[in-house]
Amino acid sequence: MAVFTSRKQKQNLKITFDNDMLVIEMPDGKQQVFPLAFFPALRDASEEDRADWTHAGNGIRWNKLGLTVTI
């Protein structure tokens, strides 16, 4: 007998910054790449502020910056 749960599985995203690009790697290995020029607050942020993010629904929220990127 199968057991089902309504809890969503935590998705492990990998966020990196390469040159002037934001790279988001999904758990299945697919990547989405955005120019940091699209997000000046993120482009100009410190490493500490860039590292303070959470995965929320269909987006990534940088808490200290008040920025959400839809993925």
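Structure report, in brief.

The subject of this paragraph is the overall build of the protein chain. A tally of helices and strands in the protein chain yields two helices and six strands. When each of the 71 residues of the protein chain is scored for burial, the buried share is 23%. Intrachain contacts of the protein chain at a sequence separation of at least 6 include 22% that bridge at least 24 residues.

What the three strands build is an open sheet, ordered β4-β5-β6; its pairing is antiparallel. Of all the strands in the sheet, the pair left with one neighbour each is β4 (53-56) and β6 (67-70). Across the sheet, the mean angle from the axis of one strand to that of its neighbour is 20°, orientation sign disregarded. Direction of pairing for β4 relative to strand β5 (residues 59-62): antiparallel, over a ladder of four bridges. Bridge pairing in β5 places W53 opposite W62.

This paragraph deals with the packing of aromatic side chains. Any aromatic ring pair is given by two values, namely how distant the centres are and how the planes are angled relative to each other. Counted according to the given criterion, the structure contains two aromatic pairs. Geometrically, the ring pair formed by F34 and F39 is edge-to-face, given 6.1 Å between the ring centres and 75° between the ring planes. Each member of the pair F34 and F39 is classed as buried. Taken together, F34, F38 and F39 form an aromatic cluster joined through their ring pairs. Positioned over the ring face of F17 is R50, at 4.3 Å from the centre of the ring.

Looking now at the pairing of strand β3 (residues 31-35). Inspection of the sheet shows strand β2 (residues 21-25) paired to β3 by five bridges, in the antiparallel sense. Residue L22 lies in a different strand from β3, and its bridge partner there is F34. Counting the residues that bridge the hairpin from β2 to β3 gives five residues, and of these G29 lies at a positive phi of roughly 95°.

Turning our attention to the sheet that holds strand β1 (residues 14-18). An order of β1-β2-β3 is seen for the three strands of this open sheet, with the pairing classed as antiparallel. Strand pairing shows two members of the sheet lacking a second neighbour, β1 and β3, which therefore form its edges. Taken pair by pair, the neighbouring strands of this sheet meet at an average axis angle of 20°, ignoring direction.

Rules used in this analysis
- Residues numbered from 1 in each chain as written.
- Predicted model: local features only at pLDDT ≥ 70, side-chain atom pairs only at ≥ 80, totals over all residues.
- Heavy atoms only, no water.
- Helix = DSSP H or I, 4+ residues; strand = E, 2+ residues; numbered from the N terminus.
- Buried < 20%, exposed > 50% of the residue type's maximum accessible area, 1.4 Å probe, protein only.
- Contact = heavy atoms within 4.5 Å.
- Pairing = 2+ DSSP bridges.
- Axes fitted to C-alpha atoms, helices over the stretch in contact; angles between N-to-C directions.
- Phe/Tyr/Trp six-rings, centres within 6.5 Å; stacked < 30°, edge-to-face > 60°.
- Lys NZ or Arg CZ within 6 Å of the ring centre and 35° of its normal.

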